[in-house]
Amino acid sequence: EADIYQTPRYLVIGTGKKITLECSQTMGHDKMYWYQQDPGMELHLIHYSYGVNSTEKGDLSSESTVSRIRTEHFPLTLESARPSHTSQYLCASSKQHTEAFFGQGTRLTVV
Amino acid sequence: SQELEQSPQSLIVQEGKNLTINCTSSKTLYGLYWYKQKYGEGLIFLMMLQKGGEEKSHEKITAKLDEKKQQSSLHITASQPSHAGIYLCGADIQGAQKLVFGQGTRLTINP
């Protein structure tokens, strides 16, 4: 069983609020990822990290930011939430050239 | 353009029937991973293929890797309602520093 956790599982928040989605893994993986996924649709990579102090933007333009101060922690922050940010956010981690393990996801609704 | 192409995008089969899902890469594959996702949840890792000709099975699900064609197929034998969900292939591909995913295949099993 994968040891990667996302909190919260569900979040409803008002437009303009600042939010942070948490992701933690206890497997010591160097690589971590954030994906955005609308229901039944494909995954879109928004951020990834190779290790501590390394972060890269993904394929999908995003108004979010990430940080990687510790190996196990990769939080995603939205400075000002908008209805267009409503989606499911999935965090994953992996070693080099091995499968990625996914968290359960955070379903975000911005009203 | 999509680096990993999955087909079909949607599949409806009668319970008990066999089915195949394909995943084709436009570049050299270093590793191919199959995942299953239930609606609104995270991705569950099924199996990993790394060598040409490799074949792995998990219960009634078998996956193969054709290195020459840069393609993997996922085959389900005698499908059951529990097989319903979205199947995604992911891969480490040449020239990409991150894990890439196909668009997903939505599988529905009719009783």
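In case you missed it, the structure is sitting above this.
Residues numbered from 1 in each chain as written. Chains lettered and ligands numbered in written order. Predicted model: local features only at pLDDT ≥ 70, side-chain atom pairs only at ≥ 80, totals over all residues. Heavy atoms only, no water.

1. Points about the interface of chain A and chain B
We count it as follows: Pairs of residues are marked as contacts when any of their non-hydrogen atoms sit within 4.5 Å. Buried area is calculated as the accessible area (1.4 Å probe) missing from two parts once they are joined, with the contributions of both summed. Whenever a carboxyl oxygen of Asp or Glu lies within 4 Å of a side-chain nitrogen of Lys or Arg, that contact is scored as a salt bridge. A 3.5 Å cut-off defines polar contacts: any pair of N or O atoms within that distance qualifies, except that in protein one atom must be a possible hydrogen donor and the other a possible acceptor, and neighbouring residues in sequence count only when both atoms are side-chain atoms.
At the interface, 23 residues of chain A touch 22 residues of chain B. Together, the buried faces of chain A and chain B total about 1900 Å²; carbon and sulfur atoms form 53% of this surface. Linking chain A to chain B there are zero salt bridges. If you look at where chain A meets chain B, you find five residue pairs in polar contact (both at pLDDT 80 or more).

2. Observations regarding the nonpolar core
All names here are of chain B. So the rule is basically this: We call a set of buried Ala, Val, Leu, Ile, Met, Phe, Trp, Tyr and Cys residues a nonpolar core when their side-chain atoms join them within 4.5 Å. The buried label applies to any residue whose accessible area, calculated with a 1.4 Å probe on protein chains only, is under 20% of its type's maximum; exposed applies above 50%, and partly exposed to all values in between. Helix numbers and strand numbers start at the N terminus; a helix is a DSSP run of H or I with at least 4 residues, a strand a run of E with at least 2.
Ranked by size, the top nonpolar core spans 25 residues in total, and within it Leu19, Leu32, Trp34, Leu74, Tyr87 and Leu107 carry the most contacts. When residues of this core are traced back to their parent elements, those giving at least two are strand S2 (10–14), strand S3 (19–25), strand S4 (29–37), strand S5 (43–49), strand S7 (61–66), strand S8 (71–76), strand S9 (85–93) and strand S11 (105–110). Top contributing element to this core by residue count: S9, with four residues.

3. Notes on the packing of aromatic side chains
Cut-off, in case you're wondering: Only Phe, Tyr and Trp rings are paired, with Trp represented by its six-membered ring, and only when their centres lie within 6.5 Å; those with planes under 30 degrees apart are stacked, over 60 edge-to-face, the remainder tilted. Each ring is checked for a lysine NZ or an arginine CZ that lies within 6 Å of its centre and within 35 degrees of its normal; such an atom marks a charge sitting over the ring.
Scanning all chains against the criterion turns up nine aromatic pairs over all chains. Aromatic pair Phe102 of chain A and Tyr35 of chain B: ring centres 5.4 Å apart, planes at 80°, arrangement edge-to-face. Of the two residues, Phe102 of chain A is situated in strand S10 (residues 101–102) and Tyr35 of chain B in strand S4; the pairing between them involves two chains. Judged by relative accessible area, Tyr35 of chain B falls into the buried class, the value being 0%. The structure contains a cluster of three or more aromatic residues connected by ring pairs, namely Tyr33, Tyr35, Phe101 and Phe102 of chain A together with Tyr35, Phe45 and Phe101 of chain B. A cation over an aromatic ring shows up here: Arg68 of chain A above the ring of Phe74 of chain A, its NZ or CZ 5.9 Å from the ring centre. When the ring centre of Tyr39 of chain B is taken as reference, the NZ or CZ atom of Arg107 of chain A above it lies at 5.9 Å.

4. Side note on the side chain of Gln37 of chain A
Relative to the helices and strands, Gln37 of chain A is located in strand S4 (residues 31–37). Of note is the side chain of Gln37 of chain A, whose polar atom sits 2.7 Å from the side chain of Gln37 of chain B. The residues touching Gln37 of chain A, leaving out its near neighbours within four places in the chain, are Glu42, Leu43, Ser87, Gln88 and Leu90 of chain A together with Gln37 of chain B.

5. Side note on the pairing of S9 of chain B
Residues and elements named next belong to chain B. Selection rule: The pairing criterion is simple: DSSP has to find at least two bridges between the two strands.
Within S9, nine of the nine residues are buried, which leaves the element mostly enclosed by the surrounding structure. The pairing of S9 with S11 spans three bridges and is antiparallel. Opposite Ile86, over in S11, you have Arg106 as the bridge partner. With two bridges connecting them, S9 and strand S10 (residues 100–101) associate as antiparallel partners. Residue pairing across strands places Gly90 opposite Phe101, the latter belonging to S10. In sequence, S9 turns back onto S10 through a hairpin of six residues, with Gly95 there showing a positive phi of about 90°.

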